[in-house]
Amino acid sequence: MARIVDENFEGTGYEETWAETVNAGNTLDEDSTIPGTPPTGAGSQCLKTIIVDGTSESAYALQTKTNQNISYIRAYIYCSQEGLADTFALRLAALYNSADALVARIIIIQVSGALKFNYQYYSGGALQSATAVNMSLNTWYRVEYKYDITNMLWEWQIDGVSQGSGSLSAATLTPDRIVTGIRTVAGNPTQSTVYTDLVVWDDATWPGAESAGGGLSIPVAMKHYKDMRV
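Student: Sorry if this is basic, but what is going on with the packing of aromatic side chains here?
Tutor: For any pair of aromatic rings, geometry is given as the distance between the ring centres together with the angle between the planes. Counted according to the given criterion, the structure contains eleven aromatic pairs. Following the ring pairs from residue to residue traces out a cluster consisting of Tyr119, Tyr121, Tyr145, Trp154 and Trp156.

Student: What exactly am I supposed to notice about the pairing of strand 15 (residues 175–182) here?
Tutor: Strand residues, when the strand is regular, have side chains that alternate between the two faces of the sheet. With respect to burial, strand 15 is a largely interior element, eight of its eight residues being buried. Strand direction decides the pairing type here: strand 5 (residues 59–64) and strand 15, joined by six bridges, are antiparallel. From the neighbouring strand, Tyr60 faces strand 15, where its bridge partner is Gly181. Relative to strand 15, strand 7 (residues 89–97) is paired through four bridges, and the arrangement is antiparallel. For Leu95, the partnering residue across the bridge sits in strand 15 and is Ile178.

Student: Where do I start with the pairing of strand 6 (residues 70–83) in this structure?
Tutor: Judged by how many residues are buried, strand 6 sits mostly within the fold: ten of 14 residues are covered. The sheet contact formed by strand 6 and strand 12 (residues 141–148) spans eight bridges and is antiparallel. Following the sheet pairing, Ile73 is matched in strand 12 by Tyr145. Where strand 6 meets strand 17 (residues 190–202), nine bridges bridge the pair, whose relative direction is antiparallel. Paired with Gly83 across the bridge in strand 17 is Thr190.

Student: Looking at this model, I keep getting lost on the pattern of salt bridges. Mind explaining?
Tutor: Where side chains of opposite charge bring their charged atoms close, a pairing between them can arise. The full count for this structure, using the stated rule, is six salt bridges. Here Arg3 ties to Asp202 by a salt bridge, and the two come within 3.9 Å at their closest N and O atoms. You can see Arg3 sitting in strand 1 (residues 3–7) and its partner Asp202 sitting in strand 17, a full 199 residues away along the chain. Relative accessible area serves as the criterion here: at 38%, Arg3 is assigned to the partly exposed category. Note that Glu144 is salt-bridged to Arg142, the shortest N-O span being 2.9 Å. In this pair, the class of Glu144 matches that of Arg142, namely buried.

Conventions used here
- Residues numbered from 1 in each chain as written.
- Predicted model: local features only at pLDDT ≥ 70, side-chain atom pairs only at ≥ 80, totals over all residues.
- Heavy atoms only, no water.
- Phe/Tyr/Trp six-rings, centres within 6.5 Å; stacked < 30°, edge-to-face > 60°.
- Buried < 20%, exposed > 50% of the residue type's maximum accessible area, 1.4 Å probe, protein only.
- Helix = DSSP H or I, 4+ residues; strand = E, 2+ residues; numbered from the N terminus.
- Pairing = 2+ DSSP bridges.
- Salt bridge = Lys/Arg side-chain N within 4 Å of Asp/Glu carboxyl O.

Function-wise, these values are silent; they only describe arrangement.
Structure representation (structure tokens):
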């Protein structure tokens with residue numbers, strides 16, 4: 001029962017160890033100034049992802065862990081610019097397995113001119129989609145999801161409110177890695193900008209809202225404390 005990943009993007013560089021992939025022309029900035037009204041518990045920085053088109057689609061950071069049968073993911077997401085046409089999508093906050101097959105993710109998609117969030121997950125031997133939910137530009141959302149192959153359950157939430165849930169069925173996949181930023185897109189979007197903050201992967205429970213004053217993780221806070229003593 002533990003947090004597998006707990007990344008707040010404070011300080012210089014990442015707090016944890018991530019491997020970056022950034023295609024030509026794109027941007028992945030883990031030290032970006034946080035836009036808008038920061039979520040409760042956020043610090044002054046977050047991850048900024050810019051993709052310029054659907055060909056140069058990747059700008060992401062990845063962590064590989066061990067196989068996890070129960071996963072709860074949280075990411076605070078803010079989209080300031082979207083170059084989406086109908087059915088085009090930006091794919092975020094994703095879990096993959098050891099063979100690099102997609103397990104679950106959040107997407108931002110345009111549906112008949114409306115911008116929406118959706119949750120996609122692997123069940124029954126194929127990728128499934130929940131029901132999409134309206135979202136707005138320039139707004140922070142706390143987006144969370146559960147992928148649980150021990151109890152064969154899925155669910156996703158926005159700002160603590162369930163947006164759908166159900167049962168998984170074989171075949172399922174077992175994740176061992178997480179991606180933050182944009183790894184792939186659907187369609188050929190033009191330039192799009194997404195900010196991400198307070199990313200958590202937990203193996204036991206919903207992360208929920210970040211507590212006030214939670215902008216620095218313990219390791220980073222200790223580093224700042226030691227620096228002040230020098």
